[in-house]
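Here are the chains, one letter per residue:
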Amino acid sequence: MNNNITPSITLVGGGLVGSLSALLLAQRGFQVDVYERRADMRLADISAGRSINLALANRGIFPLQQAGLMEQVKPLLTEMKGRMIHDTNGDCHLHPYGQKAHEVIYSVSRGDLNKLCLDAAEATGKVRFFFNQRCTKVDFATNTIELEHSETGSISETTFTRILGTDGSASAVREAIHQNTSNYHKIEPLGHSYKELTIPPSTNGDFQMEPYALHIWPRGGFMVIALPNRDKSFTVTLFMPNTGPVSFESIDSESKVKSFFEKEFPDAIPLLPNLMEEFFQNPTGHLATVRCSPWHYKDRALLLGDAAHAIVPFHGQGMNCGFEDAWELIEQIDKHENDWEAIFKDTAEARFDNGNAIADMAIENYIEMRDSVNDPVFILKKSLSFE
Ligand code: FAD
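Residues numbered from 1 in each chain as written. Predicted model: local features only at pLDDT ≥ 70, side-chain atom pairs only at ≥ 80, totals over all residues.

Per an unreviewed UniProt entry, the protein chain goes by Kynurenine 3-monooxygenase and derives from Pleionea litopenaei. Looking at the protein chain in UniProt, the text filed under Catalytic activity (unreviewed entry) is "L-kynurenine + NADPH + O2 + H(+) = 3-hydroxy-L-kynurenine + NADP(+) + H2O". UniProt lists a comment for the protein chain under the heading Cofactor (unreviewed entry), and it reads "FAD". (UniProt positions renumbered as here; feature names shortened; annotations may be inferred.)

Here we take up the overall build of the protein chain. What the protein chain contains, in helices and strands, is eleven helices and 19 strands. Relative to the compact-globule value of 21 Å for 387 residues, the protein chain shows a C-alpha radius of gyration of 21 Å, a close match. Counting only C-alpha atoms and orienting by the principal axes, one finds that the protein chain spans roughly 65 × 45 × 45 Å. Taking all 387 residues of the protein chain together, 42% fall into the buried category. Taking as baseline every contact in the protein chain between residues at least 6 positions apart, the subset at least 24 positions apart corresponds to 71%. (Helix = DSSP H or I, 4+ residues; strand = E, 2+ residues; numbered from the N terminus. Rg over C-alpha atoms; globule rule 2.2 N^0.38 Å. Buried ≥ 20, exposed ≤ 12 C-beta atoms within 10 Å, placed from the backbone. Contact = placed C-beta atoms within 7 Å.)

Here we come to the sheet that holds strand β6 (residues 92-96). Taken in spatial order, the seven strands make up an open sheet running β6-β5-β14-β15-β16-β13-β17, and their pairing is mixed. Sheet topology places β6 and β17 (284-293) at the edges, where each strand pairs with a single neighbour. Between one strand and the next, the sheet's axes are offset by a mean angle of 25°, whatever the strand orientation. Of the pairings in the sheet, the one linking strand β14 (residues 214-218) to strand β15 (residues 223-228) comprises four bridges and is antiparallel in character. Note that in β15 the partner of H215 across the bridge is A226. (Pairing = 2+ DSSP bridges. Axes fitted to C-alpha atoms, helices over the stretch in contact; angles between N-to-C directions.)

Time to look at the site of the ligand. As a matter of local geometry, the ligand sits amid 34 residues, with G13, G15, G168, G305 and G318 nearest to it. Listed by contribution, the elements that provide at least two residues to the shell around the ligand are α1 (16-27), β3 (53-56), β9 (133-139), α8 (306-309) and α9 (318-336). Examining the composition of the shell around the ligand, we find that four residues originate from one element, α9, more than from any other. (Near = placed C-beta within 6 Å.)

So, on to unusual backbone geometry. Between S293 and the following residue, P294, the backbone shows a cis peptide bond with an omega angle of -5°. Locating P294 in the fold gives a position in the loop between β17 and β18 (296-297). With a phi close to 45°, K298 is a non-glycine residue in the positive phi region. Along the chain, K298 falls in the loop between β18 and β19 (301-303).

Another point: the pairing of strand β11 (residues 155-159). As paired elements, strand β10 (residues 144-149) and β11 share five bridges and run antiparallel to each other. What sits directly across from E148, in β11, is I155. Once β10 ends, the chain turns through five residues before running back antiparallel as β11, passing G153 with a positive phi of about 80°.

So, about α9. Over its 19 residues, α9 runs 27 Å from end to end, which matches the ideal 27 Å to within 8%, given 1.5 Å per residue. Turning to α9, its buried residues are G318, M319, N320, C321, G322, F323, E324, D325, A326, W327, L329 and Q332. (Expected span 1.5 Å × (residues − 1).)

With five bridges connecting them, strand β5 (residues 82-86) and β6 associate as antiparallel partners. Paired with M84 across the bridge in β6 is L94. Here β5 folds back onto β6, and the loop between the two strands holds five residues, one of which, G90, carries a positive phi near 95°.

Here we take up the sheet that holds strand β4 (residues 78-80). Strand order in this open sheet of three strands is β3-β7-β4, and the pairing throughout is antiparallel. Every interior strand has two partners, whereas the edge strands, β3 and β4, have only one. Across the sheet, the mean angle separating the axes of adjacent strands is 35° when strand polarity is ignored. Where β4 lies against strand β7 (residues 105-109), three bridges are found, and the strand directions are antiparallel. In the strand pairing of β7, T78 is matched with S107.

This part takes up the packing of helix α2 (residues 58-66) against α9. In the contact formed by α2 and α9, the axes pass within 7 Å of each other and the chain directions differ by 40°. With respect to their mutual orientation, α2 and α9 come out oblique. When the axes of α2 and α9 are compared, the crossing they make is left-handed. Residues R59, G60, F62, P63, L64 and Q66 of α2 form the contact with α9, whose own contacting residues are M319, N320, C321, F323, E324, A326 and W327. The class makeup of the residues in the contact of α2 with α9 is eight nonpolar, three polar and two charged. (Parallel < 35°, antiparallel > 145°, perpendicular 65-115°, else oblique. Left-handed = near helix turned anticlockwise from the far one by under 90°. Nonpolar A, V, L, I, M, F, W, Y, C, P; charged D, E, K, R; others polar.)

Turning our eyes to something else, we now look at the environment of P313. Note on placement: P313 falls in the loop between α8 and α9. Between the C-alpha atom of P313 and that of S51, which follows or precedes it by 262 residues, the distance is 9.7 Å. Dropping the residues within four chain positions of it, P313 is found in contact with S51 and G318.

With that settled, consider the packing of α1 against α9. To describe two helices that pack against each other, one gives the angle between their axes and the distance between the axes. At a closest axis distance of 9 Å, the pairing of α1 and α9 adopts a crossing angle of 25°. Considering the angle they form, α1 stands roughly parallel to α9. For the element pair α1 and α9, the recorded crossing hand is right-handed. Two secondary-structure elements touch here, α1 through L16, V17, L20, S21 and L24 and α9 through M319, G322, F323, D325, A326, W327, L329 and I330. Residues belonging to the contact of α1 with α9 are distributed by class as follows: ten nonpolar, two polar and one charged.

Rendered as structure tokens:
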């Protein structure tokens, strides 16, 4: 790789948080190079990764507004006014997120939002994306990163001045920071996994269920949720234990899937024409919480988003919090100008407690969503609150 220009800031990972961070940094005048393991999703027909759509809430909207992107994001959104609870007998009840019209969250396609951020970052003329480049090593002694080309396997090196780890929950930058620090690094598996399924549009091209809601089938130890898409389909996610009597391990044949859905989710069966195919062909995604410290290394490196604090998805806040991290970094740059140790340290400090708090709340919310969302006391308590 020929790098004649020494970039001011190097990012590893061009996902949601990486692409928005690159844009925000470019808007502050930085030259940014982003190394992304995967192919360019704008050109290749690749899945956007885990979870096809996501809930975008106020925490994530604010940084998008600061980047001047919200007008372009709006057409990508489907409003969700509350949780639509599906009982086993087929009855449905809507629990609004709030009493006022603006108290809603939004469903957005991960791929569409990521592509928008990539385009906007590139349009600044200050951001270069290098795709198919997997960071395999970060060396703080020589300020180099090692990159492996995802298709050819060829290895190259490039230098950096400052590096941001926006490379998600299995972050290579986090690994390097912790090799150089007294580290605290814990990956807590949830013991539950997820499987994505699809409710396609009806034959007349409409939504098959109420579109303006986050649908939940709470069933105690497991649950199904569904978020609307702009093409009038729903992305459905089954969350269930890995092992045990009702689990991904035990439900291992078509007849078991059939009787499981007939017993627990009878109203969903006619809406899921490709249930068997999707259940057995789609990957089972594992869920874990990543807690680590420190999030930065001197004036050289900082972790943002899932690289610093991957959380389970039951508050729909992982991306939202990652976007907040990116905006916090910009605020610290504005405050400390060129004192990069202070910028990185204060960004990490400002976000650390929030990261741990939302990680705990996300686990608690899983228990609430699958166990108690149908409990009348819970409904009363939650009727005025957001996701
Ligand atoms: P990622 O999205 O993981 O992006 C990391 C990027 O880095 C990827 O593009 C990857 O290819 C690249 N990369 C990784 N390793 C390397 C490497 N070594 N070298 C180069 N590139 C690398 N959040 C919400 O806010 N709302 C939701 O509703 C929501 N729902 C979710 C549902 C599910 C089922 C799951 C699993 C998560 C959900 N989340 C949700 C969480 C959200 O997906 C993450 O918090 C968000 O994707 C984090 O963005 P990120 O850019 O930090 O990491």
